[in-house]
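# Coordinate analysis (summary)
Residue-level listing of the chains:
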Amino acid sequence: MTPLLHLAAEQKSADVTDWPDRIGWIVGLLLFIALVYWLMRQGWKWRGTLQSDLPPLPAAPSERGPAKLELSGRYHGSTTAGQWLDRIVAHGLGTRSRVELTLTDEGLDVVRPGAADFFVPAQALREARLDKGIAGKVLTEGGLLIVTWAHGDKLIDSGFRSDQAAEQAEWVTTINNMINTPITTEGTAR
């Protein structure tokens, strides 16, 4: 029996964890994640620099008149019209946020808590439609309200999603009727 005790006394289990190696891998992984995040941020800033020719966004007029429609929901971003993956990030247009939309005879007032508000004058509105996607957001067919508007020499598509998706069709009809109704200099329909 002595040889068995001697054999058992000599056996030693291996260390379960090699802490220096594990810490090295964790630090390396964290540095890699930080690098990827930094590169993404630089890309976002570079895109904003490339779009610096976009004029500042118009502010809402002090007197807007009665609201035709109001909507509460989410703003999903803006892209170059017709190019649903070409996101516009200049002037905060790339920032997703909650949104309160108000449509009046003067235009579309976009109020975004935590992000820059903007106003689309009625004469800048070009089209409204229901679509399934905009840069970074894809839903079922007709899930997004897309409003096309002119800003400077650029046509922009802005994507909104109402909390009550059924009301988006009314927005499309109202905005398109508003665009097709000629307005005189006094602001009344001819």
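Residues numbered from 1 in each chain as written. Predicted model: local features only at pLDDT ≥ 70, side-chain atom pairs only at ≥ 80, totals over all residues. Heavy atoms only, no water.

This paragraph deals with the packing of aromatic side chains. The full count for this structure, using the stated rule, is three aromatic pairs. Taking the centre distance of 6.1 Å and the plane angle of 70° together, the rings of Tyr75 and Phe118 count as edge-to-face. Of the two residues, Tyr75 is situated in strand 1 (residues 69-80) and Phe118 in strand 5 (residues 118-121); the sequence distance between them amounts to 43 residues. Considered together, Tyr75 and Phe118 belong to a single accessibility category, that of buried residues. Between Phe118 and Trp149 the ring centres are 5.6 Å apart and the planes differ by 20°, which places this aromatic pair in the stacked class. Placement of Phe118 in strand 5 and of Trp149 in strand 9 (residues 144-151) is noted, with a sequence separation of 31 residues between them. Accessibility classification places Phe118 together with Trp149 in one group, the buried group. Ring pairs connect the aromatic residues Tyr75, Phe118, Trp149 and Phe160, which therefore count as one cluster. Over the ring of Trp19 we find Arg22, and its NZ or CZ is 5.9 Å from the ring centre. Note that Arg112 overlies the ring of Tyr75, its terminal NZ or CZ placed 4.5 Å from the centroid. (Phe/Tyr/Trp six-rings, centres within 6.5 Å; stacked < 30°, edge-to-face > 60°. Helix = DSSP H or I, 4+ residues; strand = E, 2+ residues; numbered from the N terminus. Buried < 20%, exposed > 50% of the residue type's maximum accessible area, 1.4 Å probe, protein only. Lys NZ or Arg CZ within 6 Å of the ring centre and 35° of its normal.)

Any two side chains of opposite charge can pair, on the condition that their charged atoms come close. Under the counting rule described, the total for this entry stands at five salt bridges. Of the charged contacts, one joins Asp163 and Arg98 as a salt bridge, the two residues approaching to 2.9 Å between their closest N and O atoms. On the criterion of sequence distance, the pair formed by Asp163 in the loop between strand 10 (154-162) and helix 3 (168-180) and Arg98 in strand 3 (residues 97-103) is long-range, its members being 65 residues apart. A salt bridge links Asp131 to Arg129; the shortest N-O distance between them is 3.4 Å. If you follow the salt bridges from partner to partner, you end up with Glu127, Arg129, Asp131 and Asp157 in one network. (Salt bridge = Lys/Arg side-chain N within 4 Å of Asp/Glu carboxyl O.)

Here helix 3 is 13 residues long and its end C-alpha atoms lie 19 Å apart, about the 18 Å a rise of 1.5 Å per residue gives. Within helix 3, burial applies to Gln168, Trp171, Val172, Ile175 and Met178. Here the buried residues of helix 3 occupy an arc of 140° about the axis, which is enough to place them on one side. At its buried positions, helix 3 is contacted by strand 1, strand 3, strand 4 (107-111), strand 6 (125-131), strand 9 and strand 10. (Expected span 1.5 Å × (residues − 1). Arc of directions from axis to C-beta. Contact = heavy atoms within 4.5 Å.)

Looking now at a nonpolar patch on the surface. A contiguous nonpolar surface patch, about 710 Å² in accessible area, is contributed by Ile26, Leu29, Leu30, Phe32, Ile33, Val36 and Met40. Counting through the fold element by element, Ile33 comes out in helix 2 (residues 19-50). Look at Ile33 and you get partly exposed, because its relative accessible area is 48%. (Patch = residues over 30% accessible without salt bridge, like charges linked within 9 Å, V, L, I, M, F, W, Y side chains within 5 Å. Areas by Shrake-Rupley, 256 points an atom, 1.4 Å probe, with all protein chains shown as cover.)

Before going further, it helps to examine the pairing of strand 10. Of the pairings in the sheet, the one linking strand 1 to strand 10 comprises seven bridges and is antiparallel in character. The residue of strand 10 that forms the bridge with Thr80 is Ile156. Where strand 9 meets strand 10, seven bridges bridge the pair, whose relative direction is antiparallel. Looking at the pairing, His151 lines up with Lys154 of strand 10. The antiparallel pairing of strand 9 with strand 10 creates a hairpin that spans two residues between the two strands, and Gly152 there sits at a positive phi of about 65°. (Pairing = 2+ DSSP bridges.)

Function cannot be inferred from these measures alone, as they are strictly geometric.
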